[in-house]
Amino acid sequence: MMAGKAMPPDTGRLKGFGRVATPNVDEAAEQIGRIFCPHDLEPLRATSPGFFARHNCAPFDGFSINYVAYGGSVVIDPGCLERFFLVQIPLSGSARVRTAARDIGRTPDVAASLLSPTVPTEMLWQNDCAQLILLVERKLVEQRAAALAGREIQAVEFDPLIDLRLPAGRGLRAQMEGLADLAEGLGAGRPLSAVAAADCREALLDALLLGQRHGLSEAIRTFAGAGETLPWALRRARDCLQAHAAEPLDLAQLAAVAGIGVRALQLGFQRHFGTSISDMLLDIRLSHLNAQLKRAAPGARIIDIAFDLGFTHLGRMAGAYRAKFGETPSATLRRLH
(Lines give C-alpha, C1' and ligand atoms only; values in the text may rest on other atoms or scores of the structure.)
Protein backbone atom coordinates (compact mmCIF):
# COMPACT_ATOMS: atom_id res chain seq x y z
CA MET A 1 0.00 0.00 0.00
CA MET A 2 1.37 3.39 -0.92
CA ALA A 3 0.28 6.88 0.08
CA GLY A 4 1.56 9.97 -1.65
CA LYS A 5 1.56 13.62 -0.70
CA ALA A 6 -1.50 15.34 0.73
CA MET A 7 -4.30 15.88 -1.76
CA PRO A 8 -3.95 19.13 -3.73
CA PRO A 9 -7.04 21.33 -4.13
CA ASP A 10 -9.47 20.35 -6.89
CA THR A 11 -8.84 22.76 -9.77
CA GLY A 12 -10.31 20.58 -12.54
CA ARG A 13 -13.70 20.09 -14.15
CA LEU A 14 -16.91 18.90 -12.43
CA LYS A 15 -15.79 19.91 -8.94
CA GLY A 16 -19.34 19.50 -7.60
CA PHE A 17 -19.38 15.84 -8.66
CA GLY A 18 -16.48 14.46 -6.62
CA ARG A 19 -16.42 10.66 -6.26
CA VAL A 20 -12.79 9.81 -5.44
CA ALA A 21 -10.01 11.90 -3.88
CA THR A 22 -7.15 9.98 -2.31
CA PRO A 23 -3.34 9.87 -2.07
CA ASN A 24 -3.49 6.09 -1.59
CA VAL A 25 -2.83 3.82 -4.58
CA ASP A 26 -4.90 0.86 -3.37
CA GLU A 27 -7.87 3.04 -2.49
CA ALA A 28 -7.68 4.75 -5.89
CA ALA A 29 -7.66 1.45 -7.78
CA GLU A 30 -10.54 0.05 -5.74
CA GLN A 31 -12.77 3.15 -5.75
CA ILE A 32 -12.23 4.18 -9.38
CA GLY A 33 -12.52 0.52 -10.38
CA ARG A 34 -16.03 0.47 -8.92
CA ILE A 35 -17.05 3.39 -11.14
CA PHE A 36 -15.30 2.27 -14.35
CA CYS A 37 -14.07 -1.32 -14.19
CA PRO A 38 -11.55 -3.33 -12.10
CA HIS A 39 -7.98 -2.51 -13.15
CA ASP A 40 -4.36 -2.69 -12.08
CA LEU A 41 -2.86 0.65 -11.03
CA GLU A 42 0.84 1.19 -10.32
CA PRO A 43 2.95 4.35 -9.97
CA LEU A 44 5.67 4.40 -12.61
CA ARG A 45 8.30 4.74 -9.87
CA ALA A 46 7.57 2.77 -6.72
CA THR A 47 9.20 5.40 -4.50
CA SER A 48 7.43 8.36 -6.12
CA PRO A 49 6.05 10.70 -3.41
CA GLY A 50 3.74 12.56 -5.78
CA PHE A 51 0.85 10.14 -6.25
CA PHE A 52 -2.75 11.19 -5.84
CA ALA A 53 -5.99 10.27 -7.62
CA ARG A 54 -9.10 12.31 -8.25
CA HIS A 55 -12.29 11.29 -10.07
CA ASN A 56 -15.30 13.57 -10.58
CA CYS A 57 -18.27 11.99 -12.37
CA ALA A 58 -21.57 13.43 -13.66
CA PRO A 59 -23.79 10.46 -14.62
CA PHE A 60 -26.61 10.49 -17.17
CA ASP A 61 -28.83 7.80 -18.68
CA GLY A 62 -26.45 5.49 -20.54
CA PHE A 63 -23.41 7.76 -20.44
CA SER A 64 -21.37 9.95 -18.12
CA ILE A 65 -18.86 12.80 -18.32
CA ASN A 66 -15.84 12.46 -16.03
CA TYR A 67 -12.74 14.32 -14.89
CA VAL A 68 -9.88 12.03 -13.80
CA ALA A 69 -6.44 13.17 -12.63
CA TYR A 70 -3.41 11.29 -11.31
CA GLY A 71 -0.43 12.89 -9.62
CA GLY A 72 2.98 11.80 -10.82
CA SER A 73 3.05 9.07 -13.49
CA VAL A 74 1.03 5.84 -13.36
CA VAL A 75 0.48 2.68 -15.40
CA ILE A 76 -3.18 1.59 -15.72
CA ASP A 77 -4.08 -1.86 -17.03
CA PRO A 78 -7.86 -2.41 -17.35
CA GLY A 79 -7.56 -5.24 -19.88
CA CYS A 80 -10.85 -5.22 -21.84
CA LEU A 81 -13.37 -2.63 -20.69
CA GLU A 82 -16.24 -5.05 -21.54
CA ARG A 83 -19.24 -2.82 -20.72
CA PHE A 84 -18.49 0.59 -22.24
CA PHE A 85 -16.55 2.79 -24.64
CA LEU A 86 -14.24 5.54 -23.33
CA VAL A 87 -13.23 8.79 -25.02
CA GLN A 88 -10.26 10.34 -23.20
CA ILE A 89 -9.20 13.93 -23.91
CA PRO A 90 -6.00 15.11 -22.16
CA LEU A 91 -6.28 18.43 -20.35
CA SER A 92 -2.79 18.45 -18.82
CA GLY A 93 0.25 16.20 -18.73
CA SER A 94 0.51 13.48 -21.37
CA ALA A 95 -0.56 9.87 -21.87
CA ARG A 96 0.02 6.82 -24.01
CA VAL A 97 -2.40 4.07 -24.97
CA ARG A 98 -1.17 0.63 -26.02
CA THR A 99 -3.37 -1.94 -27.72
CA ALA A 100 -2.39 -5.07 -29.62
CA ALA A 101 -2.24 -3.09 -32.87
CA ARG A 102 -1.49 0.51 -31.86
CA ASP A 103 0.69 2.57 -29.55
CA ILE A 104 -0.46 6.18 -29.54
CA GLY A 105 0.59 9.25 -27.62
CA ARG A 106 -1.93 11.81 -26.44
CA THR A 107 -1.28 15.43 -25.57
CA PRO A 108 -3.64 18.39 -24.99
CA ASP A 109 -5.09 19.91 -28.19
CA VAL A 110 -3.38 17.33 -30.43
CA ALA A 111 -4.61 13.78 -29.84
CA ALA A 112 -7.18 11.92 -27.76
CA SER A 113 -8.11 8.25 -27.49
CA LEU A 114 -11.24 6.15 -28.04
CA LEU A 115 -11.13 2.80 -26.24
CA SER A 116 -13.37 -0.06 -27.37
CA PRO A 117 -14.70 -2.62 -24.87
CA THR A 118 -13.39 -5.69 -26.72
CA VAL A 119 -9.81 -4.44 -27.22
CA PRO A 120 -7.25 -5.09 -24.41
CA THR A 121 -5.64 -1.81 -23.41
CA GLU A 122 -2.82 -0.53 -21.22
CA MET A 123 -2.33 3.16 -20.44
CA LEU A 124 0.52 5.31 -19.17
CA TRP A 125 -0.46 8.67 -17.62
CA GLN A 126 2.52 10.99 -17.08
CA ASN A 127 3.42 14.31 -15.48
CA ASP A 128 0.28 14.92 -13.37
CA CYS A 129 -2.02 13.94 -16.22
CA ALA A 130 -5.68 15.01 -16.13
CA GLN A 131 -8.29 14.00 -18.70
CA LEU A 132 -11.90 14.73 -19.57
CA ILE A 133 -13.51 11.33 -20.15
CA LEU A 134 -16.77 10.34 -21.82
CA LEU A 135 -18.17 6.90 -20.93
CA VAL A 136 -20.88 5.47 -23.18
CA GLU A 137 -22.55 2.13 -22.52
CA ARG A 138 -21.57 -0.55 -25.01
CA LYS A 139 -25.13 -1.61 -25.86
CA LEU A 140 -26.10 1.92 -26.93
CA VAL A 141 -23.21 2.19 -29.40
CA GLU A 142 -23.65 -1.32 -30.81
CA GLN A 143 -27.43 -0.96 -31.20
CA ARG A 144 -27.06 2.37 -33.01
CA ALA A 145 -24.24 1.06 -35.23
CA ALA A 146 -26.37 -1.93 -36.24
CA ALA A 147 -29.30 0.33 -37.12
CA LEU A 148 -27.10 2.67 -39.16
CA ALA A 149 -25.42 -0.20 -41.02
CA GLY A 150 -28.49 -2.38 -41.53
CA ARG A 151 -26.72 -5.27 -39.78
CA GLU A 152 -27.22 -7.58 -36.82
CA ILE A 153 -25.87 -6.22 -33.53
CA GLN A 154 -22.16 -6.97 -33.30
CA ALA A 155 -19.01 -5.74 -31.58
CA VAL A 156 -17.78 -2.33 -32.75
CA GLU A 157 -14.06 -1.54 -32.59
CA PHE A 158 -12.85 2.00 -33.19
CA ASP A 159 -9.50 3.30 -34.32
CA PRO A 160 -8.14 4.35 -30.90
CA LEU A 161 -6.63 7.62 -32.18
CA ILE A 162 -8.73 10.81 -32.31
CA ASP A 163 -6.98 13.70 -34.04
CA LEU A 164 -8.11 16.84 -32.23
CA ARG A 165 -6.81 19.00 -35.09
CA LEU A 166 -9.43 17.62 -37.49
CA PRO A 167 -13.06 18.86 -37.57
CA ALA A 168 -14.51 15.56 -36.28
CA GLY A 169 -12.11 15.50 -33.34
CA ARG A 170 -12.69 19.16 -32.51
CA GLY A 171 -16.44 18.67 -32.75
CA LEU A 172 -16.41 15.68 -30.38
CA ARG A 173 -14.26 17.60 -27.91
CA ALA A 174 -16.66 20.56 -28.07
CA GLN A 175 -19.60 18.24 -27.33
CA MET A 176 -17.83 16.76 -24.31
CA GLU A 177 -16.86 20.18 -22.98
CA GLY A 178 -20.43 21.36 -23.54
CA LEU A 179 -21.72 18.36 -21.58
CA ALA A 180 -19.35 19.18 -18.71
CA ASP A 181 -20.52 22.82 -18.83
CA LEU A 182 -24.14 21.65 -18.71
CA ALA A 183 -23.50 19.39 -15.72
CA GLU A 184 -21.64 22.13 -13.86
CA GLY A 185 -24.45 24.58 -14.57
CA LEU A 186 -27.08 22.17 -13.24
CA GLY A 187 -25.10 21.06 -10.21
CA ALA A 188 -25.10 17.63 -8.61
CA GLY A 189 -28.58 17.98 -7.14
CA ARG A 190 -30.45 18.76 -10.37
CA PRO A 191 -30.90 15.94 -12.90
CA LEU A 192 -30.96 16.66 -16.61
CA SER A 193 -34.45 16.35 -18.09
CA ALA A 194 -35.18 13.11 -19.96
CA VAL A 195 -35.61 15.02 -23.24
CA ALA A 196 -32.33 16.93 -22.86
CA ALA A 197 -30.47 13.76 -21.85
CA ALA A 198 -31.83 11.94 -24.92
CA ASP A 199 -30.76 14.82 -27.18
CA CYS A 200 -27.23 14.74 -25.74
CA ARG A 201 -27.06 10.96 -26.09
CA GLU A 202 -28.19 11.07 -29.75
CA ALA A 203 -25.65 13.78 -30.60
CA LEU A 204 -22.82 11.86 -28.93
CA LEU A 205 -23.70 8.59 -30.70
CA ASP A 206 -23.73 10.38 -34.06
CA ALA A 207 -20.39 12.07 -33.30
CA LEU A 208 -18.82 8.70 -32.48
CA LEU A 209 -20.29 6.52 -35.21
CA LEU A 210 -20.36 9.06 -38.05
CA GLY A 211 -17.28 11.07 -37.12
CA GLN A 212 -14.74 8.46 -35.98
CA ARG A 213 -13.30 5.44 -37.84
CA HIS A 214 -14.48 1.96 -36.86
CA GLY A 215 -15.15 -1.47 -38.32
CA LEU A 216 -18.68 -0.62 -39.54
CA SER A 217 -17.88 2.80 -41.03
CA GLU A 218 -18.03 1.61 -44.64
CA ALA A 219 -21.20 -0.42 -44.05
CA ILE A 220 -22.88 2.66 -42.56
CA ARG A 221 -21.89 4.81 -45.55
CA THR A 222 -23.20 2.21 -47.99
CA PHE A 223 -26.49 1.68 -46.13
CA ALA A 224 -27.00 5.46 -45.97
CA GLY A 225 -26.83 5.65 -49.75
CA ALA A 226 -23.38 7.18 -50.06
CA GLY A 227 -22.39 4.30 -52.32
CA GLU A 228 -25.21 4.94 -54.80
CA THR A 229 -24.61 6.80 -58.03
CA LEU A 230 -25.68 10.36 -57.38
CA PRO A 231 -28.46 11.47 -59.77
CA TRP A 232 -27.33 14.00 -62.34
CA ALA A 233 -29.93 16.57 -61.24
CA LEU A 234 -28.73 16.54 -57.63
CA ARG A 235 -25.12 16.77 -58.72
CA ARG A 236 -25.94 19.85 -60.77
CA ALA A 237 -27.79 21.43 -57.84
CA ARG A 238 -24.98 20.71 -55.38
CA ASP A 239 -22.35 22.11 -57.75
CA CYS A 240 -24.49 25.22 -58.23
CA LEU A 241 -24.66 25.74 -54.47
CA GLN A 242 -20.87 25.40 -54.25
CA ALA A 243 -20.30 27.89 -57.06
CA HIS A 244 -22.83 30.48 -55.83
CA ALA A 245 -22.65 29.97 -52.05
CA ALA A 246 -22.33 33.71 -51.36
CA GLU A 247 -25.55 34.52 -53.24
CA PRO A 248 -29.09 34.42 -51.78
CA LEU A 249 -30.75 31.02 -52.08
CA ASP A 250 -33.46 30.88 -54.77
CA LEU A 251 -35.08 27.44 -54.75
CA ALA A 252 -36.96 27.96 -57.99
CA GLN A 253 -33.78 28.96 -59.80
CA LEU A 254 -31.85 26.05 -58.26
CA ALA A 255 -34.57 23.61 -59.36
CA ALA A 256 -34.44 25.05 -62.87
CA VAL A 257 -30.68 24.49 -62.99
CA ALA A 258 -31.23 20.89 -61.84
CA GLY A 259 -34.05 20.35 -64.32
CA ILE A 260 -36.55 19.04 -61.74
CA GLY A 261 -39.31 20.51 -59.56
CA VAL A 262 -38.66 22.23 -56.25
CA ARG A 263 -40.30 19.48 -54.18
CA ALA A 264 -38.42 16.73 -56.02
CA LEU A 265 -35.20 18.66 -55.38
CA GLN A 266 -35.96 18.97 -51.64
CA LEU A 267 -36.79 15.27 -51.31
CA GLY A 268 -33.70 14.33 -53.31
CA PHE A 269 -31.41 16.27 -50.96
CA GLN A 270 -32.94 14.59 -47.92
CA ARG A 271 -32.68 11.11 -49.44
CA HIS A 272 -29.21 11.28 -50.99
CA PHE A 273 -27.41 13.82 -48.79
CA GLY A 274 -29.35 13.38 -45.54
CA THR A 275 -29.79 17.13 -45.16
CA SER A 276 -31.90 20.03 -46.37
CA ILE A 277 -30.82 22.40 -49.15
CA SER A 278 -30.50 25.32 -46.73
CA ASP A 279 -28.42 23.26 -44.27
CA MET A 280 -26.09 22.16 -47.06
CA LEU A 281 -25.69 25.78 -48.14
CA LEU A 282 -24.88 26.75 -44.55
CA ASP A 283 -22.28 23.99 -44.37
CA ILE A 284 -20.69 25.14 -47.64
CA ARG A 285 -20.57 28.75 -46.45
CA LEU A 286 -19.00 27.70 -43.14
CA SER A 287 -16.31 25.75 -45.01
CA HIS A 288 -15.63 28.79 -47.21
CA LEU A 289 -15.45 30.99 -44.09
CA ASN A 290 -12.97 28.63 -42.43
CA ALA A 291 -10.79 28.57 -45.55
CA GLN A 292 -10.80 32.36 -45.87
CA LEU A 293 -10.03 32.89 -42.20
CA LYS A 294 -7.02 30.59 -42.52
CA ARG A 295 -5.56 32.68 -45.33
CA ALA A 296 -6.79 36.09 -44.14
CA ALA A 297 -4.28 38.91 -43.88
CA PRO A 298 -3.47 40.36 -40.44
CA GLY A 299 -6.11 42.93 -39.54
CA ALA A 300 -8.87 41.24 -41.53
CA ARG A 301 -12.33 41.55 -39.95
CA ILE A 302 -14.56 38.52 -39.50
CA ILE A 303 -17.69 40.58 -40.09
CA ASP A 304 -16.49 41.65 -43.56
CA ILE A 305 -15.60 38.11 -44.61
CA ALA A 306 -18.89 36.74 -43.24
CA PHE A 307 -21.05 39.31 -45.03
CA ASP A 308 -19.21 38.67 -48.29
CA LEU A 309 -20.11 34.98 -47.96
CA GLY A 310 -23.81 35.69 -47.48
CA PHE A 311 -24.11 35.47 -43.69
CA THR A 312 -26.53 38.01 -42.26
CA HIS A 313 -26.88 36.87 -38.63
CA LEU A 314 -23.45 36.82 -37.02
CA GLY A 315 -24.57 35.19 -33.76
CA ARG A 316 -26.11 32.19 -35.50
CA MET A 317 -23.12 32.00 -37.84
CA ALA A 318 -20.69 31.90 -34.90
CA GLY A 319 -22.70 29.16 -33.17
CA ALA A 320 -22.87 27.02 -36.31
CA TYR A 321 -19.15 27.57 -36.97
CA ARG A 322 -18.23 26.41 -33.47
CA ALA A 323 -20.45 23.33 -33.79
CA LYS A 324 -18.72 22.40 -37.06
CA PHE A 325 -15.09 23.28 -36.28
CA GLY A 326 -14.93 23.14 -32.49
CA GLU A 327 -13.91 26.77 -32.07
CA THR A 328 -15.22 30.27 -32.79
CA PRO A 329 -14.24 32.20 -35.97
CA SER A 330 -12.24 34.64 -33.83
CA ALA A 331 -10.33 31.72 -32.26
CA THR A 332 -9.41 30.45 -35.75
CA LEU A 333 -8.17 33.90 -36.69
CA ARG A 334 -6.17 34.34 -33.46
CA ARG A 335 -4.59 30.91 -33.76
CA LEU A 336 -3.30 31.64 -37.23
CA HIS A 337 -2.18 35.22 -36.60
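As the structure is a prediction and not an experimental result, all values here were calculated from the model.

Calculation rules
- Residues numbered from 1 in each chain as written.
- Predicted model: local features only at pLDDT ≥ 70, side-chain atom pairs only at ≥ 80, totals over all residues.
- Heavy atoms only, no water.
- Helix = DSSP H or I, 4+ residues; strand = E, 2+ residues; numbered from the N terminus.
- Contact = heavy atoms within 4.5 Å.
- Phe/Tyr/Trp six-rings, centres within 6.5 Å; stacked < 30°, edge-to-face > 60°.
- Buried < 20%, exposed > 50% of the residue type's maximum accessible area, 1.4 Å probe, protein only.
- Expected span 1.5 Å × (residues − 1).
- pLDDT = per-residue confidence, 0-100.
- Patch = residues over 30% accessible without salt bridge, like charges linked within 9 Å, V, L, I, M, F, W, Y side chains within 5 Å.
- Areas by Shrake-Rupley, 256 points an atom, 1.4 Å probe, with all protein chains shown as cover.
- Salt bridge = Lys/Arg side-chain N within 4 Å of Asp/Glu carboxyl O.
- Lys, Arg positive; Asp, Glu negative; His and termini not counted.
- Charge placed at Lys NZ, Arg CZ, Asp CG, Glu CD.
- 1 Å grid on protein atoms, 1.4 Å probe; cavity = no way out; pocket = protein on both sides within 12 Å on 5 of 7 lines; lining within 4 Å.
- Points joined across faces, edges and corners; volume = space filled by probe spheres on them.
- Axes fitted to C-alpha atoms, helices over the stretch in contact; angles between N-to-C directions.
- Parallel < 35°, antiparallel > 145°, perpendicular 65-115°, else oblique.
- Nonpolar A, V, L, I, M, F, W, Y, C, P; charged D, E, K, R; others polar.
- Disulfide = S-S within 2.5 Å.
- Core = buried A, V, L, I, M, F, W, Y, C linked by side-chain atoms within 4.5 Å.

(A) Seen up close, the environment of Q175. You can see Q175 is positioned in helix α3 (residues 167-186). Residue contacts for Q175: discarding those within four places in its chain leaves A203, L204 and A207.

(B) Representation of the packing of aromatic side chains. All chains considered together, the criterion is met by seven aromatic pairs. Both rings, one in F36 and one in F84, keep their centres 6.2 Å apart while their planes meet at 45°; by these two values the pair is tilted. Residue F36 is found in the loop between α1 (25-35) and β2 (40-43), and its partner F84 is found in strand β6 (residues 84-98); the two are separated by 48 residues along the sequence. Per residue, the accessibility class of F36 equals that of F84, and both read buried. Judged by centre distance (4.9 Å) and plane angle (65°), the rings of F269 and F273 are edge-to-face. Here the residue F269 and the residue F273 both occupy positions in helix α8 (residues 262-273), the gap between them amounting to four residues, near one helical turn.

(C) Representation of α3 in the model. With 20 residues, α3 extends 28 Å between its outermost C-alpha atoms, agreeing within 8% with the 28 Å of an ideal straight helix rising 1.5 Å per residue. Within α3 the residues assigned to the buried category are G169, R170, G171, L172, R173, M176, L179, A180, A183 and L186.

(D) Layout of the confidence of the model for the chain. Summing up the model confidence of the chain, the mean pLDDT is 88 and the portion of residues at 70 or higher is 95%. The weakest mean pLDDT in the chain belongs to strand β7 (residues 103-106) at 81; the strongest belongs to strand β4 (residues 63-70) at 96.

(E) Structural context of a negative patch on the surface. Negative charge collects at one region of the surface, where D26, E27, D40, E42 and D77 lie side by side. Every element with two or more residues in the negative patch is listed here: α1 and β2. Mapping E27 onto the fold places it in helix α1. Judged by relative accessible area, E27 falls into the partly exposed class, the value being 39%.

(F) The layout of surface pockets, seen in detail. Quantified by volume, the largest pocket comes out at close to 470 Å³. Along the walls of the largest pocket sit D279, L282, D283, L286, A320, A323 and K324, which together make up its complete lining. Secondary structure elements with two or more residues in the lining of the largest pocket: α9 (277-294) and α11 (314-325). With four residues, the top contributor of residues to the lining of the largest pocket is α9.

(G) Here's a closer look at the packing of helix α7 (residues 251-258) against α8. Where α7 contacts α8, the two axes come as close as 9 Å, and the packing angle between them is 80°. It follows from the interaxial angle that α7 and α8 lie roughly perpendicular. In this structure, α7 uses L251, A252, L254, A255 and A258 to contact α8, whose residues at the interface are V262, L265 and Q266. A breakdown of the residues in the contact of α7 with α8 according to their chemical character gives seven nonpolar, one polar and no charged.

(H) Molecular detail of empty space enclosed by the protein. Within this structure, the stated rule accounts for one cavity of 30 Å³ or more. What the largest cavity holds in volume is close to 130 Å³. Taken together, 14 residues make up the lining of the largest cavity; nearest its centre are F36, H39, I76, L86 and M123. Sorting the residues of the lining of the largest cavity by element identifies β4, β5 (74-79), β6 and β9 (121-137) as the ones contributing at least two each. Considering each element in turn, the lining of the largest cavity owes the most residues, three residues, to β9.

(I) Examining the state of the cysteines more closely. For the structure shown, the criterion picks out zero disulfides. C57 takes part in no disulfide bond, and the closest cysteine sulfur, belonging to C37, lies 13 Å away. The buried category is assigned to C57, whose relative accessible area is 6%. In this structure C80 is a free cysteine whose sulfur lies 9.5 Å from that of C37, the closest cysteine sulfur available.

(J) Region of the structure containing the nonpolar core. Residues L14, F60, I65, V87, L134, F158 and M176 are the most contacted members of the largest nonpolar core, which totals 42 residues. At the level of elements, β4, β6, β8 (111-115), β9, α2 (138-149), α3, α4 (194-211) and α5 (217-223) are the ones that each hand at least two residues to this core. Once residues lying within four places of it in the same chain are set aside, the contact partners of F60 are I65, L179, A183 and L192. By size, the runner-up hydrophobic cluster in this structure holds 28 residues, among which are A28, I32, L115 and M123.

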